[in-house]
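Given next are the chains, with one letter for each unit.
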Amino acid sequence: MKIGILGAGAIAHKMAETVGSMEGAEVCAVASRSLEKAEDFAKKYQIPKAYGNYQEMVMDSSVDLVYVATPHSHHYEHVKLCLKNHKHVLCEKAFMINSRQAEEVVRLAKEKKLLLAEAIWTRYMPSRALIREAVESGIIGEVTSLTANLGYVIKDKERLIESRLGGGALLDLGVYPINFALMVFGEDYAEVSAEGILSEQGVDLQNSVTLKWNDGRMAVLHSNMQALTDRRGIIYGDKGYLVVENINNCESISAYGLDRKLIRQYDLPRQISGYEYEVEACRKAIEKGAVECEEMPLKDSIAVMELLDRIRELLGIRYTCES
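Residues numbered from 1 in each chain as written. Predicted model: local features only at pLDDT ≥ 70, side-chain atom pairs only at ≥ 80, totals over all residues. Heavy atoms only, no water.

Undergrad: Even after reading the chapter, I still don't get the overall build of the protein, so can you show me in this structure?
TA: Counting its regular elements, the protein contains 10 helices and 14 strands. On C-alpha atoms alone, the protein measures out to a radius of gyration of 20 Å, which is about the 20 Å that the 2.2 N^0.38 rule sets for 323 residues. Taking the principal axes of its C-alpha atoms as reference, the protein extends roughly 60 × 45 × 35 Å. Per-residue burial for the protein yields a buried fraction of 56% across its 323 residues. Long-range contacts, defined here as pairs at least 24 residues apart, represent 65% of the contacts in the protein between residues at least 6 apart. (Helix = DSSP H or I, 4+ residues; strand = E, 2+ residues; numbered from the N terminus. Rg over C-alpha atoms; globule rule 2.2 N^0.38 Å. Buried < 20%, exposed > 50% of the residue type's maximum accessible area, 1.4 Å probe, protein only. Contact = heavy atoms within 4.5 Å.)

Listed below in structure tokens is the structure:
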């Protein structure tokens with residue numbers, strides 16, 4: 001599978017490094033708004049083609065899949081550009097700015113019979129299955145609640161500060177605690193409440209989200225772009241609790257009993273970076289002629305965007321780039 005990278009920022013570098021160590025996939029092209037930047041990127045990773053605009057790359061017949069690595073505010077435009085030029089797409093999270101955009105690109109992908117996948121890497125990682133197996137095994141008993149958080153000191157980054165770029169903690173960081181909760185408890189939550197601290201530009205610096213399910217389960221979630229958090233996800237049961245170190249890229253999974261002593265440590269496979277799992281999922285889906293990856297169905301991407309819309313409504317956030 002030959003991949004074109006659309007956008008040459010930090011996350012694109014990580015993808016290029018990862019694919020460079022994979023079998024069955026290669027980066028054959030990169031595009032940036034600056035030809036010089038694209039050429040420097042291509043030289044660094046020995047990529048044969050560099051383009052100074054996105055249109056030229058999506059018209060390249062050698063490209064099978066385009067990885068969209070631009071800011072949230074541009075995903076809608078760039079995914080449509082790829083699909084209209086008959087390219088399969090792996091789009092970085094947050095999938096879109098809002099659910100209306102998500103529904104539109106999903107409709108277009110299905111109409112064109114092209115793969116569209118959201119690159120929320122935790123949905124594709126082996127740790128997802130291990131967490132599910134641990135919960136379902138009953139090792140921590142009947143589970144009634146969980147907490148999850150993600151925070152970094154990144155308040156000075158332009159893409160996070162600016163409303164025109166879909167900035168704030170929620171779309172950049174909050175998607176991880178939210179996806180963690182939905183992976184564990186399912187997407188049929190009944191209630192959502194949220195509080196946040198907004199910047200002068202109207203984006204959230206930090207937020208707290210609580211989800212409730214009809215059966216009494218709860219998830220308390222936090223994301224923060226002003227402070228470093230422990231990145232833990234903890235699942236609580238009546239026989240103990242499960243600790244997931246780093247919900248952004250799982251480092252360990254540990255089960256503890258009622259005496260708070262370790263019961264079991266779950267082994268995680270070695271990985272390149274973690275990005276390889278979403279790339280491999282796309283390759284398999286394309287080979288099967290699928291329009292989505294089973295690890296992150298398109299209905300789930302829309303459902304997450306609908307939840308993000310609701311949280312933003314509660315927090316009073318509207319992006320200036322919104323359409």
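Structure shown, so let's carry the discussion forward.
Undergrad: Help me understand the sheet that holds strand 6 (residues 116-119), please; the structure alone is not making it clear to me.
TA: By definition, the strands of a sheet pair up through backbone hydrogen bonds, in either a parallel or an antiparallel sense. Overall, parallel pairing links the 6 strands, which are arranged 3-2-1-4-5-6 in an open sheet. One side of each edge strand has no neighbouring strand; the edge strands of this open sheet are strand 3 (49-51) and strand 6. In this sheet, neighbouring strand axes are inclined to one another by 25 degrees on average, regardless of whether the strands run parallel or antiparallel. (Pairing = 2+ DSSP bridges. Axes fitted to C-alpha atoms, helices over the stretch in contact; angles between N-to-C directions.)

Undergrad: Even after reading the chapter, I still don't get the packing of aromatic side chains, so can you show me in this structure?
TA: Any aromatic ring pair is given by two values, namely how distant the centres are and how the planes are angled relative to each other. This structure, assessed with the given rule, holds 5 aromatic pairs. Here the aromatic residues Phe185, Tyr189 and Trp213 are joined through ring pairs into a cluster of three or more. (Phe/Tyr/Trp six-rings, centres within 6.5 Å; stacked < 30°, edge-to-face > 60°.)

Undergrad: How should helix 6 (residues 126-137) be read in this particular structure?
TA: Each α-helix winds once per 3.6 residues, and so residues spaced three or four apart point in a common direction. An ideal rise of 1.5 Å per residue puts 16 Å on 12 residues; helix 6 measures up with 17 Å between its terminal C-alpha atoms. Ser127, Arg128, Leu130, Ile131 and Ala134 are the residues of helix 6 that are buried. Angularly, the buried residues of helix 6 cover 165 degrees about the axis, an arc narrow enough to put them on a single face. On its buried face, helix 6 is in contact with helix 8 (169-185), strand 11 (233-237), strand 12 (240-245), strand 13 (252-257) and strand 14 (262-266). One or two steps after helix 6, the chain reaches Gly138, where phi turns positive at roughly 85 degrees. (Expected span 1.5 Å × (residues − 1). Arc of directions from axis to C-beta.)

Undergrad: It is not clear to me how the side chain of Lys87 should be interpreted in this structure. Could you clarify?
TA: Along the chain, the position of Lys87 falls in the loop between helix 4 (72-84) and strand 5 (88-92). Buried Lys87, no salt bridge; nearest opposite-charge side chain is Asp60, N-O distance 5.9 Å. Only 2.6 Å separates the side chain of Lys87 from the backbone oxygen of Asp60, close enough to count as a polar contact. Apart from the residues lying within four places of it in its own chain, the contact partners of Lys87 are Val58, Asp60, Ser61, Val63, Asp64, Val66, Cys82 and Leu114. (Lys, Arg positive; Asp, Glu negative; His and termini not counted. Salt bridge = Lys/Arg side-chain N within 4 Å of Asp/Glu carboxyl O. Polar contact = N/O pair within 3.5 Å; in protein donor to acceptor, adjacent residues only side chain to side chain.)

Undergrad: Would you explain the sheet that holds strand 11 in this entry?
TA: The 8 strands lie next to each other as 8-9-10-7-11-12-13-14, forming an open sheet whose pairing is mixed. Edge strands, defined here as strands with exactly one partner in the open sheet, are strand 8 (191-198) and strand 14. Going across the sheet, the axis of each strand differs from the next one's by a mean of 10 degrees, ignoring polarity. Note that strand 13 and strand 14 share 4 bridges and pair antiparallel. Counted as the bridge partner of Tyr256 is Leu262 from strand 14. Seen against the sheet, helix 8 touches strand 7 (143-151), strand 9 (204-212), strand 10 (218-224), strand 11 and strand 12 and runs at an angle of roughly 160 degrees to strand 7. Against the sheet, helix 10 (residues 298-315) engages strand 8 and strand 9, with an angle of about 55 degrees to strand 8.

Undergrad: In this structure, what is going on with the pattern of salt bridges? I would like to understand it.
TA: Any two side chains of opposite charge can pair, given that their charged atoms come close. Taken as a whole and assessed by the stated rule, the structure comprises 20 salt bridges. For the salt bridge of Arg312 with Asp309, the shortest nitrogen-to-oxygen distance reads 3.6 Å. Linking Arg312 with Asp309, this pair stays in helix 10, spanning 3 residues, or about one helical turn. For Arg312, the salt bridge goes to Glu322, with nearest N and O atoms at 2.6 Å. You can see Arg312 sitting in helix 10 and its partner Glu322 sitting in the segment after helix 10, a full 10 residues away along the chain. Arg312 sits in the buried class, given a relative accessible area of 4%.

Undergrad: Help me understand helix 5 (residues 99-112) in this model?
TA: Taking 1.5 Å as the rise per residue, helix 5 with 14 residues should run 20 Å; its terminal C-alpha atoms sit 20 Å apart, in good agreement. Here helix 5 has its buried residues at Ser99, Gln101, Ala102, Val105, Val106, Leu108 and Ala109. Contact partners of the buried residues in helix 5: helix 4, strand 6 and helix 10. Between the side-chain oxygen at the start of helix 5 and the backbone nitrogen of Arg100 there is a gap of 3.3 Å, and the oxygen is on Asn98. Following helix 5 by one or two positions, Lys113 has its phi on the positive side, about 55 degrees.

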